Amino acid sequence: MRAVVWNGTRDVRTENVPDPRVERPDDAVIRVTSSGLCGSDLHLYEVLGPFMSPGDVLGHEPLGVVEEVGAEVASLAPGERVVIPFQISCGHCAMCGSGLQTQCENTRAEGQGTGASIYGYSSLYGSVPGAQAEYLRVPRADDNAIPVSGQGPDDRFVFLSDVLPTAWQAVRYADVPRGGSVAVLGLGPIGEMCCRVAQHLGAGRVFAVDPVAERRARAASRGVEVFDSAEGTDDLTEQIRDRTDGRGPDAVIDAVGMEAEGHGSARFAQRMASFMPKGAAAKVMETAGVDRLSAFRTAIDLVRRGGTISLIGVYGGMADPLPMLTLFDKQIQLRMGQANVRHWAPEILPLLDDDDVLGVDGFATHHVSLDEAPQAYQNFQDKSDGTFKVLFRP
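All values derive from a computational prediction rather than experimental measurement. (Residues numbered from 1 in each chain as written. Predicted model: local features only at pLDDT ≥ 70, side-chain atom pairs only at ≥ 80, totals over all residues. Heavy atoms only, no water.)

## Regarding the overall build of the protein
Piece 1. When helices and strands are counted, the protein shows 14 helices and 16 strands.
Piece 2. Across the protein, every contact between residues at least 6 apart in sequence was considered, and the portion connecting residues at least 24 apart equals 74%.
Piece 3. Counting every atom, the protein has about 15,700 Å² of accessible surface; 49% of that belongs to carbon and sulfur. (Helix = DSSP H or I, 4+ residues; strand = E, 2+ residues; numbered from the N terminus. Contact = heavy atoms within 4.5 Å. Areas by Shrake-Rupley, 256 points an atom, 1.4 Å probe, with all protein chains shown as cover.)

Here it is as C-alpha cells:
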C-alpha cells in the first residue's frame, strides 16, 4: 500500500510499504478514506526526530471503512464506517474506567515511561504504524473504533479522531464560567476549534492571539476578538485586560506548545538535538530538553488571578524553567494533557449532524492525495499557500 513515511528531519515521502493485516484476534483493519495532517505531526517533522526511524508511517487522525476483523471482535463488521481515536486504549483498566484513556495501563509505552500508545507517533509512544496510509491496523478494535453514520461527508466525522476532542477537552479543562471570558493562544486548527467550542459551551467573550492574518480573519468571521501576537506580548496583554475590567480573562488556553516562536537559545537547542546521532539526541531530549515557552509565559501573565490555564499545545521539555512564584502568587489553576477521545466522544457526536454547529464541514482548507504529502508538510510548516488544515484522501 501507499503510505507517508518519515525519512529524516523535514524529509517525509510517500512510499510503498507492506499492507497491514489482522495479527491478533481483537484486531481490525480499516481502509482509510480520510486522514488528517496534525500540528503534532510537525513535531516529528523536526523537533522529535531523535525518536523516529526511517520508514516510520506517520499520521493519527483516520476515518475509514472496516475491511476485516479478528475472531474476537464483537462490535464491528466489514463495511462499517468508523473513526479511530489517535491513542490506543484497552477500555477496561482503572485509567480507562476513569475517562483517562491517554493513561491506559495496558497500552502504555512502558520502555519510555509515557502514556498510551499513539498511531504514527515515534518510539516515545510505541512506534505504532500510522494512518496517513491506504490501510490501518486497529489493535483492540472494539475499544478503539467509533462507529459513525454512513451518511454525510468524511469531513463531518474525521475530526472526531483528534481535533474535536482535543479542543473540547481544552475548553472543559479551562473551566470557563458561563458568560465568562477565555483567551486562546494560537489559531491553528486546535486553537480555532477551541474558540468554536468555547462559544458553543457558553463563553461570553472569546479572545484569540495569532501572528498569521489569515488565521485571525477565520476566527474573527465567527465572532472571536482577535489580536496580532507580532505586536508584542505586553501590548496585547494590556489590550485584553482593558476588555476584561483590568483583570484579564477567566481562563487562557495555550494551543501553541513547543512549536511557539520564543527564546533563541531554546530554539537553537531543539535544532541541534535534531542533528545529533539518534541515541545521543534522544537522551538529550529526555533529560535536558527545553521548550520555547513564550506562549505559556504569556498565558501566566494574561490570565486573571485565580483563573485557569489549560495547556493543550504539546510540550516535551524536561528542563524547562517555570515562574513558580507567579503561578503560586496568582493562585493559578493549571490543567493539561492529551485528549481522552473516548471520554468526550459521547458529548461531541450529537453535534455532528446536518446543523453542523461547529462548522466541521468547511473546516479543512486542503484535500490532497498521499503522493502530495511532502509538499503538504512543507506548506503546513511554512504556513504557506493558505494551508490551515490538510486532509489526505487515500
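## Re unusual backbone geometry
Piece 1. Of note, serine 127 is a non-glycine position whose phi angle comes to about 50°, a positive value.
Piece 2. Inspection of the secondary structure assignment puts serine 127 in the loop between helix H2 (94-97) and strand E7 (135-138).
Piece 3. The class for serine 127 is partly exposed, based on a relative accessible area of 43%. (Buried < 20%, exposed > 50% of the residue type's maximum accessible area, 1.4 Å probe, protein only.)

## Points about the packing of aromatic side chains
Piece 1. Following the criterion strictly, the structure yields 5 aromatic pairs and no others.
Piece 2. Ring centres of phenylalanine 363 and phenylalanine 388 lie 5.4 Å apart, and the angle between their planes is 80°; on these two criteria the pair is classed as edge-to-face. Of this pair, phenylalanine 363 sits in the loop between helix H13 (341-348) and strand E15 (366-368) while phenylalanine 388 sits in the loop between helix H14 (373-382) and strand E16 (390-392); the two residues are 25 residues apart in sequence, bridging distant segments of the chain.
Piece 3. Each residue in the set Phe159, Phe363 and Phe388 is aromatic and connected to the rest through ring pairs, giving one cluster.
Piece 4. Positioned over the ring face of phenylalanine 363 is arginine 218, at 5.5 Å from the centre of the ring.
Piece 5. Lying over the aromatic face of phenylalanine 388, arginine 218 brings its terminal NZ or CZ to 3.8 Å of the ring centre. (Phe/Tyr/Trp six-rings, centres within 6.5 Å; stacked < 30°, edge-to-face > 60°. Lys NZ or Arg CZ within 6 Å of the ring centre and 35° of its normal.)

## Concerning helix H5 (residues 163-174)
Piece 1. Over its 12 residues, H5 extends 17 Å from the first C-alpha to the last, a length consistent with the 16 Å expected when each residue adds 1.5 Å.
Piece 2. Here H5 lies mainly inside the structure; 11 of its 12 residues are buried.
Piece 3. Turning to H5, its buried residues are Val163, Leu164, Pro165, Thr166, Ala167, Trp168, Gln169, Ala170, Val171, Tyr173 and Ala174.
Piece 4. Buried residues along H5 sit in contact with helix H6 (189-200), strand E12 (251-254), strand E13 (308-311), strand E14 (333-336) and H13.
Piece 5. Positive backbone phi, approximately 55°, marks aspartate 175, located one or two places after H5. (Expected span 1.5 Å × (residues − 1).)

## Details of the pairing of strand E1 (residues 2-8)
Piece 1. Across the 7 residues of E1, 5 count as buried, placing the element largely inside the fold.
Piece 2. Relative to strand E4 (residues 56-57), E1 runs antiparallel, the two being bridged by 2 bridges. Bridged to valine 5 within E4 is valine 57. (Pairing = 2+ DSSP bridges.)

## Observations regarding the side chain of serine 310
Piece 1. Tracing the chain through its elements places serine 310 in strand E13.
Piece 2. Here the side chain of serine 310 touches alanine 170 through a polar contact of 2.9 Å, landing on its backbone oxygen.
Piece 3. In contact with serine 310, not counting residues within four places along its chain, are Ala170, Tyr173, Ala174, Val252, Ile253, Asp254 and Arg335. (Polar contact = N/O pair within 3.5 Å; in protein donor to acceptor, adjacent residues only side chain to side chain.)

## What about the sheet that holds E4?
Piece 1. Sheet architecture is open: 3 strands sit in the order E2-E1-E4, paired in antiparallel fashion. The outermost strands of the open sheet, each flanked by one partner alone, are strand E2 (11-16) and E4.
Piece 2. Pairing geometry for E1 and E2, over 6 bridges, is antiparallel. Bridging across to E2, valine 5 finds its partner in arginine 13.
Piece 3. Packing against the sheet, H14 makes contact with E1 and E2, and its axis sits at approximately 155° to E2. (Axes fitted to C-alpha atoms, helices over the stretch in contact; angles between N-to-C directions.)

## Some remarks on the layout of surface pockets
Piece 1. Each pocket or cavity is described by its volume, and for the second largest pocket that value is around 260 Å³.
Piece 2. Forming the walls of the second largest pocket are 15 residues, and the residues nearest its centre are Met1, Pro18, Asp19, Pro20 and Pro129.
Piece 3. No other element matches E7, which puts 3 residues into the lining of the second largest pocket.
Piece 4. Looking at the lining of the second largest pocket, its residues break down into 9 nonpolar, 2 polar and 4 charged. (1 Å grid on protein atoms, 1.4 Å probe; cavity = no way out; pocket = protein on both sides within 12 Å on 5 of 7 lines; lining within 4 Å. Points joined across faces, edges and corners; volume = space filled by probe spheres on them. Nonpolar A, V, L, I, M, F, W, Y, C, P; charged D, E, K, R; others polar.)

## Some thoughts on the confidence of the model for the protein
Piece 1. Confidence along the protein averages 90 in pLDDT terms, with 90% of residues attaining 70 or more.
Piece 2. Every residue in residues 260-270 is under pLDDT 50, and counting partners more than four places away or in other chains gives 18 contacts.
Piece 3. Segment residues 280-290 is flagged for pLDDT under 50; beyond a separation of four residues in sequence, or across chains, it makes 31 contacts in the model. (pLDDT = per-residue confidence, 0-100.)

## Quick look at the environment of glycine 202
Piece 1. Tracing the chain through its elements places glycine 202 in the loop between H6 and strand E10 (205-209).
Piece 2. Through-space distance from the C-alpha of glycine 202 to that of arginine 178 is 5.2 Å; in sequence the pair is 24 residues apart.
Piece 3. Look past the residues within four positions of glycine 202 in its chain and what remains in contact with it is Pro177, Arg178 and Gly179.

## Some words on the sheet that holds E13
Piece 1. Strand order in this open sheet of 6 strands is E11-E10-E9-E12-E13-E14, and the pairing throughout is parallel. The open sheet terminates on both sides in strands that have one partner only, identified here as strand E11 (225-227) and E14. Taking the axes of each pair of neighbouring strands and ignoring which way they run, one obtains an average angle of 20° across the sheet.
Piece 2. With 4 bridges joining them, strand E9 (residues 181-185) and E12 adopt parallel strand pairing. Bridging across to E12, leucine 185 finds its partner in aspartate 254.

## Concerning the pairing of strand E5 (residues 62-69)
Piece 1. Pairing geometry for strand E3 (residues 28-37) and E5, over 7 bridges, is antiparallel. Across the sheet, arginine 31 pairs through a bridge with valine 65, a residue of E5.
Piece 2. Pairing between E5 and strand E6 (residues 81-83): 3 bridges, direction antiparallel. Following the sheet pairing, valine 65 is matched in E6 by arginine 81.

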